[in-house]
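Here is how the chains run, residue by residue.
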Amino acid sequence: MAGIRANTGLLRQILVGFVRDEVRKVGLNKVVLGLSGGIDSALVAFIAAEALGPENVHAICMPYTSSNPESEAHARLVAQACGVNFSLVPITPMVDAYFASFPEADSMRRGNKMARERMTILFDHSALLSALVLGTSNKTELLLGYGTLYGDMASALNPIGDLYKSHVWQLSEAMGVPRAVVEKKPSADLWAGQTDEEELGFSYRQVDELLYRMVDLRMTNAELVGAGFEAEFIETIYRKIQNSHFKRRLPVIAKVSNRTIDRDFRYSRDWGK
Amino acid sequence: MSDFRVVLAQIKPKLGCLADNLALIETRIRQAIADGNELIVFPELALTGYFLKDLVPEVALRLDSSQIQRLVELSRQISIAIGFVEVTDDYRFFNSALYLEDGAIRHLHRKVYLPTYGLFDEQRYLARGERFRAFDSKFGRMGLLVCEDMWHLSASYILAMDGATTLICLSSSPGRGTEGESLGSASAWQRLTSTTAMFLNCRVLYCNRVGFEDGVNFWGGSEYVAPSGDSLVRGTFLEEDSVVATLDEGALRRERIFSPMLRDENLFVTMQELRRIERERGL
């Protein structure tokens, strides 16, 4: 099966243009993003630096005490490589203060809390710096729901939300994201040694091939089986997409009037821009 | 007919901002006049932006509105083709294109094919036009198309059979498809404009906008396609531009002599078969 490919030159031109245009049209010139040391945020930092100039990009690394020290080192490496501003805001004090009241909390609750803690820091810096928050979720994790609602999924603009992880790898390589970051195993970094692919139970390359055919090409189940995917795998992924759909939508509003927000009150976000 | 100079104004309208867009359009018109051009073409919905949704009634203009009359005035100095939202006396809203010349409205085309699939939702907000008519301009007989109209063979065919030798297509085409050598929607359009020109021995002026609306990019690439199907000049991708072309009357004449397919097109056979199909479908 041929791997899904994208024209990286085109992607780069469109995504750089997207950040430049969508930031400037709201009268701003700066962006802020969380830099985890992973490839997704590294790529977004590179795109933003090219779009607005590195001096207008603020990357914040927000480690927790259990984060792999290598992550912070990689975040610094990325910031240096693309020349963006870098600051460090550890989240251990706030997260630990909260869980002192809930010591029994499991790792999912702790992971979500950390993601949301980081979100509040980014949006606070948005106000501090007059900068828009850039999202760093890719299409694979958005479709699988492998992210925290109102946590890492929250942003003003997301340049890479329509790129599968496979595309993120390709574009990162083309844009010069440091090798160490491109080549390491993707990880949510909630604890040392955690990897996404182990937790998900399949590889990104595997699932991207399926998602591309299922979502983008709208192949039927029979066609997917014919293309070599196992029926059980297809079913698992379909359920993941379905069950995480709430994360990709705004909160549901009970309709009582003639014009309900987002149902029959419809405007683009770029209204008047 | 003699040669004439055209500018394709590849602009970036602001969504729902009539006054800002009108100012931008006027600047482009004045520049085109100063540069000695004779026709300026703007994109689909140049006065309003594209993803209007519920803004449609707020930005719609009557033909006798001050904004349209301002453009009509300017057409004393240069011919103008431009897209906007039109509101009629019975409060229907159309995705319309005007051809203005010598201080008058020469032609009004209301978009017939309103795409309502994928990322498009035009039929929810807009009324459908019901005619394709060629019209006379001082540069010869022309036809106006608005974006999706051109994806229907019959639209360009009717205009060519009605005598148009120049087809002007106003577009707001979203860019998508990054798997191949070039942007998927751009290559598709380029095949379409070239094939249409070749089939009908017509010149095609294609004006597409640029900029982003809610993350959707409009790819530009406005072009002049000669009756041979060759794209002679093409605007930049994804960036504002001003594409200047001289439309060569000699090239049109020669193409129609070398490849007289349109002359040989048999309207009688076409009509007879279309009537049969109409009958058989019980329309």
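Residues numbered from 1 in each chain as written. Chains lettered and ligands numbered in written order. Predicted model: local features only at pLDDT ≥ 70, side-chain atom pairs only at ≥ 80, totals over all residues.

*Asks:* Break down the overall build of chain A for me, citing the residues and quoting the values.
*Replies:* The helix and strand tally for chain A stands at twelve helices and four strands. Relative to the 2.2 N^0.38 estimate, which gives 19 Å for 273 residues, the radius of gyration of chain A is 19 Å and therefore close to what a compact globule would have. Its C-alpha atoms put chain A at 50 × 50 × 45 Å along the principal axes. The buried share of chain A, taken over its 273 residues, is 41%. Considering only residue pairs separated by 6 or more positions, chain A has 72% of its internal contacts joining residues 24 or more positions apart. (Helix = DSSP H or I, 4+ residues; strand = E, 2+ residues; numbered from the N terminus. Rg over C-alpha atoms; globule rule 2.2 N^0.38 Å. Buried ≥ 20, exposed ≤ 12 C-beta atoms within 10 Å, placed from the backbone. Contact = placed C-beta atoms within 7 Å.)

*Asks:* Outline the overall build of chain B, listing residues and values.
*Replies:* Helix and strand counts for chain B come out as nine helices and 14 strands. The C-alpha atoms of chain B give 18 Å as radius of gyration, which agrees with the globular expectation for 283 residues (19 Å, within 12%). Each of the three principal axes of chain B carries a C-alpha extent, and together these read 50 × 50 × 45 Å. In chain B, which comprises 283 residues, the share counted as buried stands at 47%.

*Asks:* Hey, could you go over the environment of Ile25 of chain B for me, with residue numbers and the actual values?
*Replies:* All names here are of chain B. On the secondary structure map, Ile25 appears in helix H1 (residues 18–34). The class of Ile25 is buried, set by 24 C-beta atoms lying within 10 Å. When the C-alpha positions of Ile25 and Ile82 are compared, they lie 9.4 Å apart, and in sequence the two are 57 residues distant. If sequence neighbours within four positions are ignored, Ile25 has contacts with Phe42, Ala46 and Leu47.

*Asks:* Could you give an account of the nonpolar core, with specific residues and numbers?
*Replies:* With 73 residues, the main nonpolar core has Val19, Val31, Leu43, Ala45 and Ala48 of chain A as its most contacted residues. With eleven residues, helix H2 (residues 39–52) of chain A is the largest single contributor of residues to this core. Ile80, Leu98, Leu145 and Leu167 of chain B belong to the second largest nonpolar core, which has 69 residues in total. (Core = buried A, V, L, I, M, F, W, Y, C linked by C-beta atoms within 7 Å.)

*Asks:* Please give an account of the confidence of the model for chain B that cites residues and values.
*Replies:* As a general rule, the predicted coordinates of low-pLDDT regions are not to be interpreted in detail. Counting all residues, the mean pLDDT for chain B is 97, and 100% of those residues have values of 70 or more. The ipTM value of the predicted complex is 0.94, and its pTM value is 0.96. (pLDDT = per-residue confidence, 0-100.)

*Asks:* Any details on the sheet that holds strand E12 (residues 223–225) of chain B? Residues and values, ideally.
*Replies:* Residue and element names in this part refer to chain B. Pairing is mixed across the open sheet formed by six strands, whose spatial order is E6-E7-E8-E9-E12-E13. Single-partner strands in this sheet number two, and they are strand E6 (135–137) and strand E13 (231–234). Strand-to-strand twist of the sheet, defined as the mean angle between neighbouring strand axes without regard to direction, takes the value 25°. Looking at chain direction, strand E8 (residues 166–171) and strand E9 (residues 203–208) are connected through six bridges and run parallel. (Pairing = 2+ DSSP bridges. Axes fitted to C-alpha atoms, helices over the stretch in contact; angles between N-to-C directions.)

*Asks:* Describe the environment of Gly151 of chain A, with residues and values.
*Replies:* Residue and element names in this part refer to chain A. Within the fold, Gly151 resides in the loop between helix H6 (139–144) and helix H7 (165–175). Taking the C-alpha atoms as reference, Gly151 lies 13 Å from Glu141; in sequence the two are ten residues apart. Not counting residues within four places of it along the chain, the set of residues in contact with Gly151 comprises Asn112, Ala115, Arg116 and Met119.

*Asks:* Go over the interface of chain B and chain A, please, and point to the residues and values.
*Replies:* Taken together, the contact pairs 21 residues of chain B with 20 residues of chain A. Considering every element that reaches the side of chain B that touches chain A, the biggest residue donor is strand E10 (residues 210–213) of chain B, with three residues. Its residues placed into classes, the side of chain B that touches chain A shows seven nonpolar, seven polar and seven charged. (Nonpolar A, V, L, I, M, F, W, Y, C, P; charged D, E, K, R; others polar.)

*Asks:* How would you summarise the packing of H2 of chain A against H7 of chain A if you had to cite specific residues and measurements?
*Replies:* Residues and elements named next belong to chain A. Relative to each other, H2 and H7 sit at 45°, their axes nearing to 10 Å. Judged by the inter-axis angle, H2 sits oblique to H7. Relative to H7, the crossing made by H2 is left-handed. Across the interface between the two elements, Ile39, Asp40, Ala42, Leu43 and Phe46 of H2 pack against Val168, Trp169, Leu171, Ser172 and Met175 of H7. Considering only residue class, the contact of H2 with H7 consists of eight nonpolar, one polar and one charged. (Parallel < 35°, antiparallel > 145°, perpendicular 65-115°, else oblique. Left-handed = near helix turned anticlockwise from the far one by under 90°.)

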